[in-house]
Amino acid sequence: LHSLCRYVLKLIRILGRFWLFVLGFYHVPTRGKLAPREEAPIVIIAPHSTFLDGLALMMYPLCSIVTRNDNVEIPVLGCLLNCIQPIVVRREDPDSRSRTLDEIKSRANDNDWPRVMIFPEGTCTNRKALLPFKKGPFTTGRPVQPIIYFYPNKVNCIVWTFENPLYLIFILWCQFINYCEVEFMPVYYPSDEEKDNPELYAENVRRMMAKRLKIPLSPRTYRDFARRLKERSNPDKQKGN
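In this text the structure is predicted, and so the values were computed from the model without any measurement.

Peer 1: Even after reading the chapter, I still don't get the sheet that holds strand β5 (residues 116–118), so can you show me in this structure?
Peer 2: The strands that make up a sheet are held in pairs by hydrogen bonds between backbone atoms, and each pair lies either parallel or antiparallel. In space, the 7 strands of this open sheet follow the order β1-β7-β6-β2-β5-β3-β4, with mixed pairing throughout. Edge strands, defined here as strands with exactly one partner in the open sheet, are β1 (30–31) and β4 (87–89). Bridge count between strand β2 (residues 42–45) and strand β6 (residues 144–150): 4 bridges; the pairing is parallel. Within the sheet, the bridge partner assigned to isoleucine 42 lies in β6 and is valine 144. Contacting β2, β3 (64–68), β4 and β5, helix α5 (residues 96–108) crosses the sheet at an angle of about 165° to β4.

Here it is, written out as structure tokens:
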């Protein structure tokens, strides 16, 4: 990386830790270790429930995150995301999925790129179950390292399944101390069968993470929830059908 870019990345790590402190996360204990990039070029984070998931990882060597285009258009946050050269997904573009898969494979197989960080559920959830994983990161056939977040707060003040993040920040500030723990699980090495079947690879990783989290597996996907929300917003049209 260019020397200027390295300074920017260091600044991003400092800012990430600063914002965690401001939001009441004074200490973030960890279990396990982040594997070298050569061993696990892709890290998998689930469940994804809040923007805090990204902030917590800023304390470690930064990754090329896979994110939707809406996030890179957010003032300030978008500038920081662009500094780490994200892989941008445009849900409204039918060709975006194939381009994203190609870019994930390219970066995973090129050691000049930092590791790729992916939230395989594709959306934020309430942490009560794991949604099906998208197969993108598993099509590479490369080992992945699952990462799990625990938020052992008495009051659930971190789940972000609504539009306005300011409300979440306000709730966090209502508590003097907030808790977050990060667990780096062992690197998952796919079998030959899993390399040939990305869906099987993704499902086996999902089951392993759900077992550690002690939560059930959900058959619902982001598209199912998006369709349900669309039906709720157009009740008259649904009655007409």
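Peer 1: Could you clarify how one ought to interpret the nonpolar core in this entry?
Peer 2: The nonpolar side chains of a soluble globular protein tend to be buried, and buried together. Grouped together as the largest cluster of nonpolar side chains are 29 residues, with contacts concentrated most on Phe25, Leu52, Ile158 and Leu172. For this core, the elements supplying multiple residues, two or more each, are α1 (3–22), β2, α2 (52–57), β6, α6 (165–173) and β7 (181–184). At 3 residues, α1 tops the list of elements feeding residues into this core. Every residue in contact with isoleucine 158, bar those within four places of it in the chain, is listed here: Phe25, Ser49, Thr50, Leu52, Arg127, Tyr151, Asn153, Leu168 and Leu172.

Definitions and limits used
- Residues numbered from 1 in each chain as written.
- Predicted model: local features only at pLDDT ≥ 70, side-chain atom pairs only at ≥ 80, totals over all residues.
- Heavy atoms only, no water.
- Pairing = 2+ DSSP bridges.
- Helix = DSSP H or I, 4+ residues; strand = E, 2+ residues; numbered from the N terminus.
- Contact = heavy atoms within 4.5 Å.
- Axes fitted to C-alpha atoms, helices over the stretch in contact; angles between N-to-C directions.
- Core = buried A, V, L, I, M, F, W, Y, C linked by side-chain atoms within 4.5 Å.
- Buried < 20%, exposed > 50% of the residue type's maximum accessible area, 1.4 Å probe, protein only.

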